[in-house]
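# Structural features, examined
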Amino acid sequence: MAASAPIDMHSTPEGGDDDAALDALLNGPESGDAPGALALAGGGVISSSEASGLHSKVLVLNRGYAAMRIVSAKRAFCLLARNIAEVIHVDLNSDGSGSGQYINYDFESWVEISQLQRQFEAERHDWIKTVRMDIAVPKIIRLLGYDRLPEQGVKLNRRNLFARDRNKCQYCGRIFPTNDLSIDHVNPRALGGGDTWENLVCACIRCNARKGGRTPEQASMKLITKPVRPKRNPLIALRLGSDKYQSWKAFLDHAYWSVELG
Ligand SMILES: [Zn+2]
């Protein structure tokens, strides 16, 4: 079991990476995830308990429209309320029809347009409630003063590795909750196997124990897929499978990790 012990990869909040400047921007003083109310200038107060839409996910673009991060709707509203981000609204129906063109809205205009959307296309959006009105949760926001490019490549960590393998044990093929999964060195460390995308896979506790400090051949076990370095962020890739986040594709098609979209 020693050779297949979990490697030292701490899980980080969704979208976390080493980009400290972006972290600082996204984690401004008012934008913590602590429970409580979020005050909007002129827009009333949003309380987490009554606002299920706050748990929706929002894609964050830099000023040059490159995809940077996924954040919670709550964080997105904090950035909008501070006027450091604007809404990018893609004209796209959930079935993929629509022009696919996008429109930029500052927060004030978005709040206004939300009133029309509430009347005519309520089902196309998630909503947050304020005392005075409902506001549609944007799918995409753009940072107005942030020019840096996304980090190249996908960071090798526990969270991204599990997302790449979709929580599926790469030996028995069953899907497990994250807590019941471990990371297996295909070629064990004792035999020179390294911490690389090509040598690490998701394995259930049982398969990992059975394999022990052996290669798959020595243990007569077979990998169900050949482990490779993902071309784009597997967490974003997972969400692209959902109709809800169709509009993200317009921006991810041009992003560095996007080669083809499944
Ligand atoms: Zn297994």
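As a starting point, this report considers the structure included with it. Predicted model only: the values in this text are computed from it and were never measured.

## Let's talk about helix α2 (residues 73–81)
Burial analysis of α2 places eight of its nine residues in the buried class, the great majority of the element. Among the residues making up α2, those that are buried are Ala 73, Lys 74, Arg 75, Ala 76, Phe 77, Cys 78, Leu 79 and Leu 80. Following α2 by one or two positions, Asn 83 adopts a phi angle in the positive range, close to 60°.

## Some points on unusual backbone geometry
Phi at Asn 83 takes a positive value of approximately 60°, unusual for a residue other than glycine. Of the residues examined, Asn 83 has 13 C-beta atoms within 10 Å and is grouped as partly exposed. Its identity is not glycine, yet Arg 166 carries a phi of approximately 50°, on the positive side. For Arg 166, the position within the fold is in the loop between α4 (158–164) and β10 (181–185).

## Points about the environment of Gln 246
Relative to the assigned elements, Gln 246 resides in the loop between α6 (234–240) and α7 (249–252). When the 18 C-beta atoms within 10 Å are taken as the criterion, Gln 246 is described as partly exposed. Separated by 156 residues in the primary sequence, Gln 246 and Val 90 place their C-alpha atoms 9.4 Å from one another.

## Considering the pairing of strand β11 (residues 200–204)
The element β11 is largely enclosed, with a buried count of five among its five residues. Of the two faces of β11, the one lined by Leu 200, Cys 202 and Cys 204 and the one lined by Val 201 and Ala 203 are each fully buried. By the bridge criterion, five bridges tie β10 to β11 in an arrangement that is antiparallel. Across the sheet, residue Ile 183 finds its bridge partner in β11, namely Cys 202.

## Examining the nonpolar core
Counting residues in each nonpolar core, the largest one holds 34 residues, and the members touching the most others are Val 58, Val 60, Leu 61, Ala 76, Leu 80 and Ile 141. Listed by contribution, the elements that provide at least two residues to this core are α1 (20–26), β3 (57–61), β4 (67–72), α2, β5 (85–90), α3 (107–120), β8 (134–136) and β9 (140–143). Per element, the largest residue contribution to this core is six residues, and it comes from α2. If sequence neighbours within four positions are ignored, Leu 80 has contacts with Ala 85, Val 87, Phe 107 and Ile 141. Listed in part, the 11 residues of the second largest apolar core include Leu 181, Val 186, Cys 202 and Ala 203.

## Focus: α3
Between its first and last C-alpha, α3 extends 20 Å over 14 residues, near the 20 Å set by a 1.5 Å rise per residue. For α3, every residue scored as buried is listed here: Phe 107, Trp 110, Val 111 and Ser 114.

Conventions adopted
- Residues numbered from 1 in each chain as written.
- Predicted model: local features only at pLDDT ≥ 70, side-chain atom pairs only at ≥ 80, totals over all residues.
- Buried ≥ 20, exposed ≤ 12 C-beta atoms within 10 Å, placed from the backbone.
- Helix = DSSP H or I, 4+ residues; strand = E, 2+ residues; numbered from the N terminus.
- Pairing = 2+ DSSP bridges.
- Core = buried A, V, L, I, M, F, W, Y, C linked by C-beta atoms within 7 Å.
- Contact = placed C-beta atoms within 7 Å.
- Expected span 1.5 Å × (residues − 1).

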